[in-house]
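# Notes for the structure review
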Amino acid sequence: MKWAAIGDSFTYLNDHLDETGYRVRKGYLTRIQEKIPELELTNIGINGSTFADWIVQPIPKADLYTVLLGTNDWHAGFPLGDDSDFKMRRKGTILGHMGILLDHIHEANPTGRIIVGNPVERADFVYLLDPENNAPGSYQRENGQALSEAAAAILKCAASEGLETVNLHDLSGFAQEKLVKFKRVKGKDLPYPDYIGVRYEPGKDEYPYPPEAMALTYDGLHPSDEGNRILADLFAAKIIETMKR
C-alpha cells in the first residue's frame, strides 16, 4: 500500500534527523512503518509549511494519505475561519486552505484514503540550529486564537466530509507541563509555568534546552523520541482500523 505523508516539520524531520542534532533517533513515520511493514512511504513533508503552502504543492498518487498540519498556520496568525470557509474552500483561512488541500488529494487519487491529524500543544520554541528562530508557546493566543480551537476545528471539518481523524491534540498528552522538563534562562532551570515572561536572549543566553530538559519535545515544539512514539501509536492504530474497512 502506497502511503504519502503530508505535513510540516514534524513530518519532514523524520528523514532529516541531523536537523534535530540527532536528539531524535527515529521519527513518527518510521515508527508507523515498523508497526505496519506493508506501507510504502513517500514522505513529502515540508519544513515550516502551512496549509496555505500545500494548496500549490503537487500531490502524488497514493492509496493512503496522512495529513498533519496546523501549528504553523496558527502561529502565523492565519484566521481559523468557520464551517462555511471550509465548505466554500475560502482562501485566507486555515479551514479554507485545508479544504483546498483535501480537494487536491482527491484529484491525485479519488479513491485514496485520507487520515487527518491535528496539532498538539507547544512550549516556548527555540530552534536548536538557530536560536534566533524562536517563538512563545501555545499557552498564549495568536491573533486572538487558541491552538486548541484550531485543533478541534480541523478535526470537525475533516470528519464532516467523512474522513478518518486522529485527535492527537487531546490524546497525545502533549500538555504544557510535559513538553519540556525545564527551560534554562538566566542561569535557572525553570519548569512551566515559571519560565513564562522570563526573557531569553539569543546570543547572550545559552541554549535553553539541554538534552536533560527533553520531555515530549526536545526544543519546546518538535517531538522527542518519546513524543514521536506517542504520535506513531495513535496514527498507526487509526491506519490499521482504516485498512480493515
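This structure is a prediction, so every number in the text was calculated from the model and none was measured. (Residues numbered from 1 in each chain as written. Predicted model: local features only at pLDDT ≥ 70, side-chain atom pairs only at ≥ 80, totals over all residues. Heavy atoms only, no water.)

## Notes on the nonpolar core
Residues Tyr28, Ile32 and Phe235 are the most contacted members of the largest nonpolar core, which totals 37 residues. Counting only elements with at least two residues in this core, the list comes to strand 1 (2-7), helix 2 (28-35), strand 3 (64-68), strand 5 (125-126) and helix 10 (225-243). In terms of residues, this core owes the most to one element, helix 10, which gives six residues. Setting aside anything within four residues of it in sequence, one finds Tyr28 in contact with Phe10, Thr11, Asn14, Leu68, Asn228, Leu231, Ala232 and Phe235. Counting residues in hydrophobic clusters, the runner-up holds 26 residues, among them Tyr65, Leu69, Leu80 and Met98. (Core = buried A, V, L, I, M, F, W, Y, C linked by side-chain atoms within 4.5 Å. Buried < 20%, exposed > 50% of the residue type's maximum accessible area, 1.4 Å probe, protein only. Helix = DSSP H or I, 4+ residues; strand = E, 2+ residues; numbered from the N terminus. Contact = heavy atoms within 4.5 Å.)

## What to know about the sheet that holds strand 1
Taken in spatial order, the five strands line up as 2-1-3-4-7 in an open sheet, and their pairing is parallel. Single-partner strands in this sheet number two, and they are strand 2 (40-43) and strand 7 (164-166). Here the strands of the sheet are splayed against their neighbours by 20 degrees on average, with no regard to which way each runs. As judged from the five bridges shared by strand 1 and strand 3, these two strands associate in the parallel manner. Within strand 3, the residue paired with Ala5 across the bridge is Thr66. Against the sheet, helix 7 (residues 147-160) engages strand 4 (113-117) and strand 7, with an angle of about 160 degrees to strand 4. (Pairing = 2+ DSSP bridges. Axes fitted to C-alpha atoms, helices over the stretch in contact; angles between N-to-C directions.)

## What about the side chain of Asn228?
Considering the arrangement of structural elements, one finds Asn228 in helix 10. Among all residues touching Asn228, those that are not within four sequence positions of it are Val24, Lys26, Gly27, Tyr28, Arg31 and Pro223.

## Some thoughts on the pattern of salt bridges
All chains considered together, the criterion is met by 22 salt bridges. With its nearest N and O atoms 3.4 Å apart, the salt bridge here joins Asp83 to Lys156. On the criterion of sequence distance, the pair formed by Asp83 in helix 5 (residues 83-87) and Lys156 in helix 7 is long-range, its members being 73 residues apart. Residue classification places Asp83 among the partly exposed positions, given a relative accessible area of 33%. Residue Arg184 pairs with Glu212 through a salt bridge whose shortest N-O separation is 3.5 Å. Of the two residues, Arg184 sits in strand 8 (residues 183-185) while Glu212 sits in the loop between strand 9 (188-190) and helix 10, which places them 28 residues apart along the sequence. Judged by relative accessible area, Arg184 falls into the buried class, the value being 18%. (Salt bridge = Lys/Arg side-chain N within 4 Å of Asp/Glu carboxyl O.)

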